[in-house]
Amino acid sequence: MIRHLLSAADLDAETATLILDTAAEMAALAGREVKKLPTLRGRTVVNLFYEDSTRTRISFEAAAKRLSADVINFSAKGSSVSKGESLKDTALTLQAMGADAVVIRHPASGAPHRLSSWVDGSVVNAGDGTHEHPTQALLDAYTMRARLGRLDGLNVAIVGDVLHSRVARSNVLLLSTLGANVTLVGPPTLIPVDIAAALSKTTRVSYDLDSVLPDADVVMMLRVQTERMQDSYFPSAREYARRYGLDVPRMRKLPEHAIVMHPGPMNRGMEIAPEVADSPRSTIVEQVANGVSARMAVLYLLLGGKA
Amino acid sequence: MAYSQAAHPPSTALPDVPASEKVILSAADIQRVVDRIAHQILEKTSGATGTVLLGIPTRGVPLARRLAARIHAFEGIDVPVGALDITLYRDDLRLQATRAIGKTELPGGGIDGRRVILVDDVLYSGRTVRAALDALNDVGRPSSVQLAVLVDRGHRQLPIRADYVGKNIPTALAEKVRVRLAECDGGTDEVKLLGRTA
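Please read these numbers as outputs of a predicted model, since none were measured by experiment.

Rules of the game
- Residues numbered from 1 in each chain as written.
- Chains lettered and ligands numbered in written order.
- Predicted model: local features only at pLDDT ≥ 70, side-chain atom pairs only at ≥ 80, totals over all residues.
- Heavy atoms only, no water.
- Core = buried A, V, L, I, M, F, W, Y, C linked by side-chain atoms within 4.5 Å.
- Buried < 20%, exposed > 50% of the residue type's maximum accessible area, 1.4 Å probe, protein only.
- Domains from an automatic or database assignment.
- Contact = heavy atoms within 4.5 Å.
- UniProt positions renumbered as here; feature names shortened; annotations may be inferred.
- Helix = DSSP H or I, 4+ residues; strand = E, 2+ residues; numbered from the N terminus.
- Pairing = 2+ DSSP bridges.
- Axes fitted to C-alpha atoms, helices over the stretch in contact; angles between N-to-C directions.
- Buried area = accessible area lost by both parts, 1.4 Å probe.
- Salt bridge = Lys/Arg side-chain N within 4 Å of Asp/Glu carboxyl O.
- Polar contact = N/O pair within 3.5 Å; in protein donor to acceptor, adjacent residues only side chain to side chain.
- Nonpolar A, V, L, I, M, F, W, Y, C, P; charged D, E, K, R; others polar.

1. Examining the nonpolar core
For step 1, the next point in the chain: Within the largest apolar cluster, 82 residues are counted, with the highest numbers of intra-cluster contacts made by M26, M144, I158 and L174 of chain A.
For step 2, the next point in the chain: Both domains that furnish three or more residues to this core are identified here as domain 1 (8–133 + 288–303) and domain 2 (134–284) of chain A.
For step 3, the next point in the chain: In contact with M144 of chain A, other than residues within four places in its own chain, are G149, R150, L151, L154, V156, L175, V218, M220, I259 and M261 of chain A.
For step 4, the next point in the chain: Core analysis: the next-biggest nonpolar cluster, separate from the first, contains 30 residues, A38, L42, A68 and I117 of chain B among them.

2. What about the UniProt feature "domain: Phosphoribosyltransferase" (unreviewed entry) in chain B?
For step 1, the next point in the chain: In this numbering, the UniProt entry assigns the feature "domain: Phosphoribosyltransferase" (unreviewed entry) to residues 28–169 of chain B.
For step 2, the next point in the chain: The annotated region residues 28–169 of chain B carries 32% helix and 22% strand content, and the separation between its end C-alpha atoms amounts to 17 Å.

3. A few points about the sheet that holds strand β5 (residues 144–152) of chain B
All names here are of chain B.
For step 1, the next point in the chain: The five strands are arranged β3-β2-β4-β5-β6 in an open sheet whose pairing can be described as parallel. The open sheet terminates on both sides in strands that have one partner only, identified here as β3 (81–83) and β6 (164–168). Going across the sheet, the axis of each strand differs from the next one's by a mean of 25 degrees, ignoring polarity.
For step 2, the next point in the chain: Alignment of strand β4 (residues 115–123) against β5, held across eight bridges, turns out to be parallel.

4. A closer look at the interface of chain B and chain A
The figure often quoted for interface size is the accessible area lost as the parts come together.
For step 1, the next point in the chain: Taken together, the contact pairs 17 residues of chain B with 19 residues of chain A.
For step 2, the next point in the chain: Summed over both sides, the interface between chain B and chain A buries roughly 1500 Å², with carbon and sulfur atoms accounting for 54% of that surface.
For step 3, the next point in the chain: Interface area lost by chain B to chain A is led by L88, R94 and T98 of chain B, which between them contribute 42%.
For step 4, the next point in the chain: Inspection of the region where chain B meets chain A yields two salt bridges.
For step 5, the next point in the chain: Here K103 of chain B ties to E25 of chain A by a salt bridge, and the two come within 2.9 Å at their closest N and O atoms.
For step 6, the next point in the chain: The interface formed by chain B and chain A holds seven residue pairs in polar contact (both at pLDDT 80 or more) in total.
For step 7, the next point in the chain: When the residues that make up the side of chain B that touches chain A are grouped by side-chain class, the tally is eight nonpolar, five polar and four charged.

5. Looking at the pairing of strand β4 (residues 122–128) of chain A
All names here are of chain A.
For step 1, the next point in the chain: Judged by how many residues are buried, β4 sits mostly within the fold: seven of seven residues are covered.
For step 2, the next point in the chain: Note: strand β3 (residues 101–106) against β4, five bridges, orientation parallel. Opposite I104, over in β4, you have N125 as the bridge partner.

6. A look at the domain arrangement of chain A
Residue and element names in this part refer to chain A.
For step 1, the next point in the chain: Here chain A is described as being made up of domain 1 (8–133 + 288–303) and domain 2 (134–284).
For step 2, the next point in the chain: Here the C-alpha centroids of domain 1 and domain 2 sit 25 Å apart.
For step 3, the next point in the chain: Considering only the surface of domain 1 that becomes buried against domain 2, L20, T130 and H133 emerge as the three largest contributors, covering 28% of it.
For step 4, the next point in the chain: For the pair domain 1 and domain 2, the number of links is three salt bridges.
For step 5, the next point in the chain: Here E51 and R228 are joined by a salt bridge, their closest N and O atoms 3.2 Å apart.

7. Considerations on the pattern of salt bridges
For step 1, the next point in the chain: Considering all chains together, one arrives at 26 salt bridges over all chains under this definition.
For step 2, the next point in the chain: In this structure, the salt-bridge partner of D138 of chain B is R32 of chain A, at a minimum N-O distance of 3.8 Å. Here the residue D138 of chain B occupies a position in helix α4 (residues 127–139), and R32 of chain A occupies one in the loop between α1 (13–29) and β1 (44–49), the pair thus bridging two chains. Residues D138 of chain B and R32 of chain A agree in their burial class; the two are buried.
For step 3, the next point in the chain: R59 of chain B is paired through a salt bridge with D185 of chain B; the nearest N and O atoms lie 2.7 Å apart. Separated by 126 residues along the polypeptide, R59 of chain B in the loop between β2 (51–55) and α3 (60–75) and D185 of chain B in helix α5 (residues 182–185) bring together distant segments of the chain.
For step 4, the next point in the chain: With a relative accessible area of 24%, D185 of chain B lands in the partly exposed category.
For step 5, the next point in the chain: The network of salt bridges with shared partners includes E51, R166 and R228 of chain A.

Listed below in structure tokens is the structure:
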């Protein structure tokens, strides 16, 4: 078993499938009266968040608590980081406190990788800059498998701000490993040149959303990350929504069984119309619930065995 | 259950080719044993009313199904069958690499107020059963819990005993009991005692 989860590329098909199967068992526990398991009793999980986050942090916290691990939440605001402490010094502090796992979100791509060489415990990447967010990819894959019954051969369109999206990168890597065909869709300014070839052989790129929709089993809308945009990548929000937003007429072009996903938080009316976000095809709320199960599976598989 | 064979104590680890092998129960023996336990359950529970059979994965589950099928054949009673995975409740998780977890499937109607009979293949240290009791505690409150095993090989580490035993086998710690059932291992049913020396 792997020791850290830094990138979706760390997972081969066998390990990824094991995580998804474990997540399915964890999901079954969510329906019980007693949701807590004694499995990780006495283990400490630190949530180290250098960037704002609602669902990911809460999701990791719920996952760790359901497995009876002790959870320490650390957010950069209100900590010694605002006094100028470096990541390394913070890491050594956590090390001294005996953290068995560190869940890290950081604005710098590669920070979790660096951290993994400083601490003895397992490091889980909960989003690093514009690089990767592997547990999001796992919960997305889990949601697709739960709704559509398989991943192999699925046509998945990932639409929007690919340039700034760690969710897109992790999803392309994981879904390709599991046999899905991914198409990246967005304005040329928001799709890095050669990204498809760099991530996987089977990934394609399209600049025309309407032509991709009729064959898609899954449409994953990405948030337009205005907070990371220093330049203007498209003329106006309205034009973006017109060309790449998923509205009701576009949703009608999808096959009957197709699902609509969004990692959240949404810009309603920008990349996704409110009617689409709230439609029965949308899995947005399910994704949040599945996130807890997927993260329980990851924590169990990283921490459940011999250290 | 793999638990009883693999984990306790670590020194029982055997080389790939054991020095001696002895068949303890043949396929026909296993069938007779299952028939007898089915009868005993009917007798001891006055007709198996309000009873649920829960198999402990891997091999407890097919055994529980067989018991239910035999009870049905003898008295026409349908006893609910389920599976109770205990991996997440084990006390030795940290002693070895992470284990894949198995399936837990509770029969419709749950276990509250019912008599639960846990079914496993080998009773050894008793730790699997302890974990199963903990797991049961989290899924409901049975009126009582009983234990049925195909083989009791002794060497208990906890104060646990079985209510229904297929066969008692005196073993040495270094020996290993290997159960094969057609449903999970293919081929024919068989219980073998593998030892280091003859």
